[in-house]
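Now for the letters of each chain:
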There are 2 protein chains.
Amino acid sequence: MPASSIRARVRAEMIDEIKAVARRHLATDGADLSLRAVARDMGMVSSAIYRYFPSRDDLLTALIIEAYHALGDAVETADATADRADLRGRWHAACRAARAWALAHPAEYALLYGSPVPGYAAPVDTVLPAQRPPLTLIGILRDGVADGRLTPPDDDLPAPVRADLAEIAAGLFPGLPAPLLARGMAGWTQLFGLISFDLFGRLDPVLPHRDAYFDHQTALMADLIGLP
Amino acid sequence: MPASSIRARVRAEMIDEIKAVARRHLATDGADLSLRAVARDMGMVSSAIYRYFPSRDDLLTALIIEAYHALGDAVETADATADRADLRGRWHAACRAARAWALAHPAEYALLYGSPVPGYAAPVDTVLPAQRPPLTLIGILRDGVADGRLTPPDDDLPAPVRADLAEIAAGLFPGLPAPLLARGMAGWTQLFGLISFDLFGRLDPVLPHRDAYFDHQTALMADLIGLP
DNA sequence: GCTCAACGAGAGCAGTGCTCTCTATTTAGT
DNA sequence: ACTAAATAGAGAGCACTGCTCTCGTTGAGC
């Protein structure tokens, strides 16, 4: 191993440590990450951080990508662990995994799905990781259609909506009918809304039994989709 | 009119103007409201603002309450304008009004439904205004049950969920069965998710026909609820 | 061994929310 | 009508932020 790589390795470790400290700050102090506080925690001066991240937004972007992957991993492994033939079981497992991750990492979830930071535009690097959770969910439907366990609905969609959805399906879920894709996206939208309301304290005072409520609501969407 | 009230009137006008300028800043600069910038726009120095609002959070709270009422007004009048007997028409009108208001006031919507500002806890004054949109939506279901146009579903809810929902119904929607309330809340959650995805740019590149998509998705929820 | 890039420290800039003090004005009480 | 008190605004200042620039130091490649 050439000597040059030790500097590169130290650099990579520094980047990792900065991200780790920043993630810790997110968890304790909330979503407004202070670069200077991160630097202080590392015994560095704030300008030194700029050797590794050109700006605070770039650090945030790195954290966002990592968070998307963490959430994606959680959802995908939950789905993969469930019985492949049990579509409804997979749906519930994936939904519960997403909610569990969000409850365990509220600040990171807010980073991903909260209101966009003013002036911050999500870079292209984030769009693929961001697609993983919905891709997993709708992948369940595609599997169901493929092996005949799930009979797609026959909604009459407005032509332009059907065209848009058909294009999406052609690119990501070959063979998935547009009406079913629409219902799957409804399920994903619902999942996001459920977790957001849960996390941002919109229903905890009025609904003490939130786990059971969540399960029932995701079951409603499973019904809408037609999961057996 | 006693002379004392002219000072009070000027004060009220000042408060209104501060809120108006702040709202304008929200619309142009995004959600991170700068108190100093508002003061500059009014030809005042920043400390003078503190004669009217004890802190930046209090100014934000005032804006939030106003925004909730603006959204609530939009949704309620849309519902009230529609044919009272046409439950599905009322549902769509209310949903469309909420989305239209959000698209017209994205920064204020983000203030209401985005990730909570770190350290900012919504005061009690906001909870009643915040309930207006979902109250309107579920009020449509209550009306439907009351006049027999809407037959409630017979889902078997987990006992604790049924109890929680029954308590909510007892307080806000007497006579509304718990399973129907659950479906109505699903519709509200879905509406929030739809608008958020739409507003925060999560589906505009992939779904050009967003109006039609929105209508179809809200129709799906109307189906789930059972609106005729 | 020399050279140049990388690194960290430090100072500094413009901006933020907020507090405190000081002055002018308006209100209220006698 | 005069005085005392409440109110409004200005200004300075504190601690903090992201970010830029300059300065030595250190380490890697030739």
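Sequence order as written defines the numbering, with residues in each chain counted from 1. Lettering for chains starts from A, numbering for ligands starts from 1, and both go in the order in which the items are written. Two thresholds apply to this predicted model, a pLDDT of at least 70 for residue-level local features and 80 or more for giving and counting side-chain atom pairs, whereas whole-chain, interface and lining totals are computed over all residues. As a convention, hydrogens and water are excluded, and side-chain values are obtained from all of the structure's heavy atoms.

Colleague: Could you give an account of the overall build of chain A, naming the residues involved and the relevant values?
Modeller: Tallying secondary structure elements over chain A gives 10 helices and 0 strands in all. Helix and strand assignments follow DSSP, with helices taken as H or I runs no shorter than four residues and strands as E runs no shorter than two, numbered in order from the N terminus. Listed by position from the N terminus, the elements making up chain A come as α-α-α-α-α-α-α-α-α-α. For chain A, the C-alpha atoms occupy an extent of roughly 60 × 50 × 35 Å along the three principal directions. The buried share among the 228 residues of chain A stands at 50%. Residues are treated as being in contact if the distance between any of their heavy atoms lies within 4.5 Å. Put simply, 70% of the contacts in chain A that link residues at least 6 apart link residues at least 24 apart. The positive charge centre, built from 22 side chains, and the negative charge centre, built from 28, are 6 Å apart in chain A. The buried label applies to any residue whose accessible area, calculated with a 1.4 Å probe on protein chains only, is under 20% of its type's maximum; exposed applies above 50%, and partly exposed to all values in between. Charged-residue counts in this description rest on Lys and Arg as positive and Asp and Glu as negative, His and the chain ends being excluded. Just so you know, the charge point we use is NZ for Lys, CZ for Arg, CG for Asp and CD for Glu.

Colleague: Tell me about the relation of the copies chain B and chain A, residues and numbers included.
Modeller: With an RMSD of 0.0 Å, chain B superimposes on chain A once it is rotated by 180° and translated 0.0 Å along the axis. The operation mapping one copy onto its partner corresponds to a two-fold rotation axis. When you check the interface residues of chain B against chain A, 100% turn up at the interface there too, and the contact is symmetric in its surfaces. The least-squares superposition of copies is restricted to C-alpha atoms, and to residues with a pLDDT of at least 70 in both copies.

Colleague: Help me get a handle on the protein's contact with DNA strand C, residues and values and all.
Modeller: Taken together, 26 residues are adjacent to DNA strand C, and Arg11(A), Arg51(A), Tyr52(A), Leu35(B) and Arg36(B) come closest. The near set for a molecule or strand comprises every residue that places at least one heavy atom within 4 Å of it. For DNA strand C, the fraction of protein-proximal atoms (within 4 Å) that sit in sugar or phosphate groups is 50%. Between DNA strand C and Tyr52(A) there is a distance of 2.4 Å, counted from a phosphate oxygen to a side-chain nitrogen or oxygen. Note that a base nitrogen of DNA strand C is positioned 3.4 Å from one of the side-chain N or O atoms of Ser46(B). Elements with a contribution of two residues or more to the surface near DNA strand C: helix H1 (4-29) and helix H3 (46-49) of chain A together with helix H1 (4-29), helix H2 (35-41) and helix H3 (46-49) of chain B. Grouping the constituent residues of the surface near DNA strand C by class yields 10 nonpolar, 7 polar and 9 charged. N or O atoms closer than or at 3.5 Å make up a polar contact, with two conditions inside protein: a donor-capable atom paired with an acceptor-capable one, and, for residues adjacent in sequence, both atoms drawn from side chains. Nonpolar residues are Ala, Val, Leu, Ile, Met, Phe, Trp, Tyr, Cys and Pro. Charged residues are Asp, Glu, Lys and Arg, and all others, Gly as well, are polar.

Colleague: With reference to specific residues and values, describe the packing of aromatic side chains.
Modeller: Put simply, two rings from Phe, Tyr or Trp (the six-membered ring, in Trp's case) pair if the centres are within 6.5 Å, and we call them stacked under 30 degrees between planes, edge-to-face over 60, tilted for the rest. In this structure the tally under the stated criterion is 13 aromatic pairs over all chains. Pairing Tyr68(A) with Tyr113(A) gives two aromatic rings, centres 6.0 Å apart and planes at 90°, and the pair type is edge-to-face. With Tyr68(A) in helix H4 (residues 56-81) and Tyr113(A) in helix H6 (residues 106-113), this pair connects stretches of sequence that are 45 residues apart. The exposure class assigned to Tyr68(A) is buried, which follows from its relative accessible area of 4%. Residue class for Tyr113(A) comes out buried when judged on its relative accessible area of 3%. Aromatic side chains Trp188(A) and Phe197(B) sit 5.9 Å apart centroid to centroid with 25° between the ring planes, which places their arrangement in the stacked category. Of this pair, Trp188(A) sits in helix H9 (residues 178-199) while Phe197(B) sits in helix H9 (residues 178-199), placing the two residues on different chains. Accessibility assignment for this pair places Trp188(A) and Phe197(B) in one class, buried. Put simply, the rings of Tyr68(A), Tyr109(A), Tyr113(A), Trp188(A), Phe192(A), Phe197(A), Tyr68(B), Tyr109(B), Tyr113(B), Trp188(B), Phe192(B) and Phe197(B) touch in pairs and so form one group of aromatic residues. Directly above the aromatic system of Phe214(B) lies the positively charged group of Arg99(B), at a separation of 5.1 Å from the ring centroid. By definition here, charges over rings are those cases where NZ of Lys or CZ of Arg is within 6 Å of the ring centre and within 35 degrees of the ring normal.

Colleague: Account for the nonpolar core, with residues named and values stated.
Modeller: Nonpolar side chains in soluble globular proteins tend to be buried together. To define a nonpolar core, start from buried Ala, Val, Leu, Ile, Met, Phe, Trp, Tyr and Cys residues and group those joined through side-chain atoms within 4.5 Å. Counting 143 residues, the largest nonpolar core has Leu165(A), Leu181(A), Leu165(B) and Leu181(B) as its most contacted members. Counting only domains with at least three residues in this core, you end up with domain 1 (1-53) and domain 2 (55-225) of chain B. For the purposes of this description, domain bounds are those given by an automatic or database domain assignment.

Colleague: Can you break down helix H8 (residues 159-172) of chain B residue by residue, with the values?
Modeller: Residues and elements named next belong to chain B. Across its 14 residues, H8 extends 20 Å between first and last C-alpha, which sits within 8% of the 20 Å expected from 1.5 Å per residue. Of the positions making up H8, those classed as buried are Val161, Asp164, Leu165, Ile168 and Ala169. End-on view of H8: buried residues confined to an arc of 135°, all on one side of the axis. Residues of H8 that are exposed and point over 90 degrees away from its buried face: Ala159, Glu167, Ala170 and Gly171. The span you would expect from a helix comes to 1.5 Å times its residue count less one. It is the directions from the helix axis to the C-beta atoms whose arc is reported.

Colleague: I'd like to hear about the interface of chain B and chain A, residue by residue, with values.
Modeller: By a widely used convention, the size of an interface equals the accessible area lost when the partners come together. Every contact between the two is made by 45 residues of chain B and, on the other side, 45 residues of chain A. Simply put, the buried area is the total loss of 1.4 Å probe accessible area from both parts when two parts are fitted together. Roughly 3700 Å² of surface becomes buried between chain B and chain A when both sides are summed, with 71% attributable to carbon and sulfur atoms. Considering only the surface of chain B that becomes buried against chain A, Asp164(B), Phe197(B) and His216(B) emerge as the three largest contributors, covering 15% of it. Should a side-chain nitrogen of Lys or Arg be within 4 Å of a carboxyl oxygen of Asp or Glu, the pair is scored as a salt bridge. Run the count over chain B and chain A and you get 0 salt bridges. Across the contact surface, chain B and chain A share 5 residue pairs in polar contact (both at pLDDT 80 or more). At the level of secondary structure, the elements contributing two or more residues to the side of chain B that touches chain A comprise helix H6 (106-113), H8, H9 and helix H10 (210-225) of chain B. Here the side of chain B that touches chain A takes 12 residues from H9(B), the largest share from any one element.

Colleague: Pulling in residues and values, what's your account of H4(A)?
Modeller: Its 26 residues give H4(A) an end-to-end C-alpha distance of 37 Å, which sits within 8% of 38 Å, the value for a rise of 1.5 Å per residue. The N-cap residue of H4(A) is Ser55(A): its side-chain oxygen and the backbone nitrogen of Asp57(A) are 3.2 Å apart.

Colleague: Please provide a residue-by-residue account of the UniProt feature "DNA-binding region" (unreviewed entry) in chain A, values included.
Modeller: UniProt positions are given in the numbering used here, feature names are shortened, and annotations may be inferred rather than shown by experiment. On the UniProt side, "DNA-binding region" (unreviewed entry) is annotated at positions that read residues 34-53 of chain A here. End C-alpha to end C-alpha, residues 34-53 of chain A measures 13 Å, and it is 55% helix and 0% strand.

Colleague: Tell me about the UniProt feature "domain: HTH tetR-type" (unreviewed entry) in chain A, and please be specific about residues and values.
Modeller: Annotation from UniProt places "domain: HTH tetR-type" (unreviewed entry) at residues 12-71 of chain A. Annotated as 75% helix and 0% strand, the span residues 12-71 of chain A places its first and last C-alpha atoms 23 Å apart.

Colleague: I'd like a rundown of the side chain of His216(B), residues and numbers included.
Modeller: Tracing the chain through its elements places His216(B) in helix H10. The class for His216(B) is buried, based on a relative accessible area of 9%. Those residues in contact with His216(B) that lie beyond four places of it in its chain are Asp155(A), Leu157(A) and Ala182(A).

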